[in-house]
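A structural walkthrough
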Amino acid sequence: MTHIVWVGDGLTTELAGGKGRSLDTLARMGLRVPAAFVVTTEAYRAAVSGTLAAELDRRVARLRPDADMTEFETAAQSIRDWLFAQTESHSADLEIRAAYQKLTREGDRAVAVRSSSAAEDSAQHSFAGEHDSYLGVVGEDEVCDAVRRCWASLFTARAISYRAREGVAGDAMAVVVQRMVDARAAGVFMTLNPVNGDRSKVVVESVWGLGEPLVSGEVTPDRFVVDKVSGEIISREVASGQVGPSLTDDEILELLDIARTVERNAGTPQDGEFAIDDSGIHLVQARPETVWSAKPTHRVTDGKTDAMAHVLRVMTGTKPKN
């Protein structure tokens with residue numbers, strides 16, 4: 001049974017989850033991806049098996065679909081707390097500790113611990129924002145705890161509801177453990193314009209420092225729209241109060257090249273996340289864009305909605321108005 005695999009070794013979604021498989025693909029394309037290992041779905045299934053799995057199924061089955069949201073959230077939280085406690089002694093624990101030591105042998109010991117379910121980030125389904133991720137995790141005990149919390153996040157109220165609504169069954173959780181980038185700036189790119197679905201544009205949003213406040217909607221990002229063919233930077237919006245744009249023109253154009261490469265390899269529009277340090281641009285995630293990609297080609301229109309609204313639509317599963 002395989003409990004630990006390394007990004008870059010040729011991973012499958014079944015073993016490494018959607019996020020782990022995506023990072024592996026990016027790394028094998030020669031793009032700059034921070035070093036990472038994956039605690040596999042097999043590790044999760046070994047930890048949640050037998051009588052524990054049966055009891056988990058029983059507790060989930062007891063959730064009442066007609067319960068109000070507060071009651072549903074409370075019941076789901078109880079399941080997560082119980083599962084976290086029940087998986088304290090599991091067979092992959094020592095392997096996770098050894099892999100963390102290997103990953104952080106040189107340089108900063110801080111890592112990101114990200115959920116990577118077997119069903120997430122496909123062209124048909126996006127679980128973005130449904131499962132847990134933890135940044136700046138330091139130490140073996142803390143990493144092992146974060147892995148178990150990611151396992152438990154299969155059973156957030158939103159994740160349970162999403163799987164029921166989309167007909168997703170038999171999901172299992174892998175977990176990506178990835179070296180943190182000491183980011184000067186970070187952000188997201190989209191290989192279409194999320195305002196109107198225009199596939200001839202790449203939209204980049206960025207902030208100073210780590211990108212988590214951007215994804216969570218806590219800050220207003222800088223926003224750049226770039227022509228995918230000519231490379232012209234068509235528009236720039238620098239957030240008020242900033243000391244200056246968080247990206248240089250050279251970085252924007254390098255992100256354009258990266259975005260085109262990722263989209264061309266995937267064959268479908270992509271959403272990506274990046275971080276920039278003194279050594280350059282690092283890709284920390286890419287997934288299929290799910291809001292506009294399934295729509296037929298249509299006339300491009302102007303709009304006021306920013307790219308962050310598109311990210312939030314992906315996270316919540318809502319559709320844009322026609």
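Each remark here, short or long, concerns the structure printed above.
Residues numbered from 1 in each chain as written. Predicted model: local features only at pLDDT ≥ 70, side-chain atom pairs only at ≥ 80, totals over all residues. Heavy atoms only, no water.

1. Looking at the packing of aromatic side chains
This model, assessed by the stated rule, comprises two aromatic pairs. Its guanidinium or amino end placed over the ring of Trp-6, Lys-102 lies 4.8 Å from that ring's centre, counting from NZ or CZ. Above the ring of Phe-84, the side-chain terminus of Arg-148 is found at 3.8 Å from the ring centroid. (Phe/Tyr/Trp six-rings, centres within 6.5 Å; stacked < 30°, edge-to-face > 60°. Lys NZ or Arg CZ within 6 Å of the ring centre and 35° of its normal.)

2. Description of empty space enclosed by the protein
Within the structure shown, the criterion is met by one cavity of 30 Å³ or more. Quantified by volume, the largest cavity comes out at close to 220 Å³. Together, 19 residues line the largest cavity, and Arg-114, Leu-210, Gly-211, Ala-275 and Val-284 are the ones closest to its centre. Counting only elements with at least two residues in the lining of the largest cavity, the list comes to strand 3 (111–117), strand 5 (173–179), strand 6 (185–190), helix 8 (212–215) and strand 10 (270–277). The class makeup of the residues in the lining of the largest cavity is 12 nonpolar, three polar and four charged. (1 Å grid on protein atoms, 1.4 Å probe; cavity = no way out; pocket = protein on both sides within 12 Å on 5 of 7 lines; lining within 4 Å. Points joined across faces, edges and corners; volume = space filled by probe spheres on them. Helix = DSSP H or I, 4+ residues; strand = E, 2+ residues; numbered from the N terminus. Nonpolar A, V, L, I, M, F, W, Y, C, P; charged D, E, K, R; others polar.)

3. As for the packing of helix 3 (residues 50–61) against helix 4 (residues 69–86)
Direction vectors running N to C along helix 3 and helix 4 enclose 175°, while the axes themselves pass 11 Å from each other. Considering the angle they form, helix 3 stands roughly antiparallel to helix 4. Facing Leu-52, Glu-55, Leu-56, Arg-59 and Val-60 of helix 3, the residues of helix 4 in contact are Ile-79, Trp-82, Leu-83 and Gln-86. Residues of the contact of helix 3 with helix 4, tallied by class, amount to six nonpolar, one polar and two charged. (Axes fitted to C-alpha atoms, helices over the stretch in contact; angles between N-to-C directions. Parallel < 35°, antiparallel > 145°, perpendicular 65-115°, else oblique. Contact = heavy atoms within 4.5 Å.)

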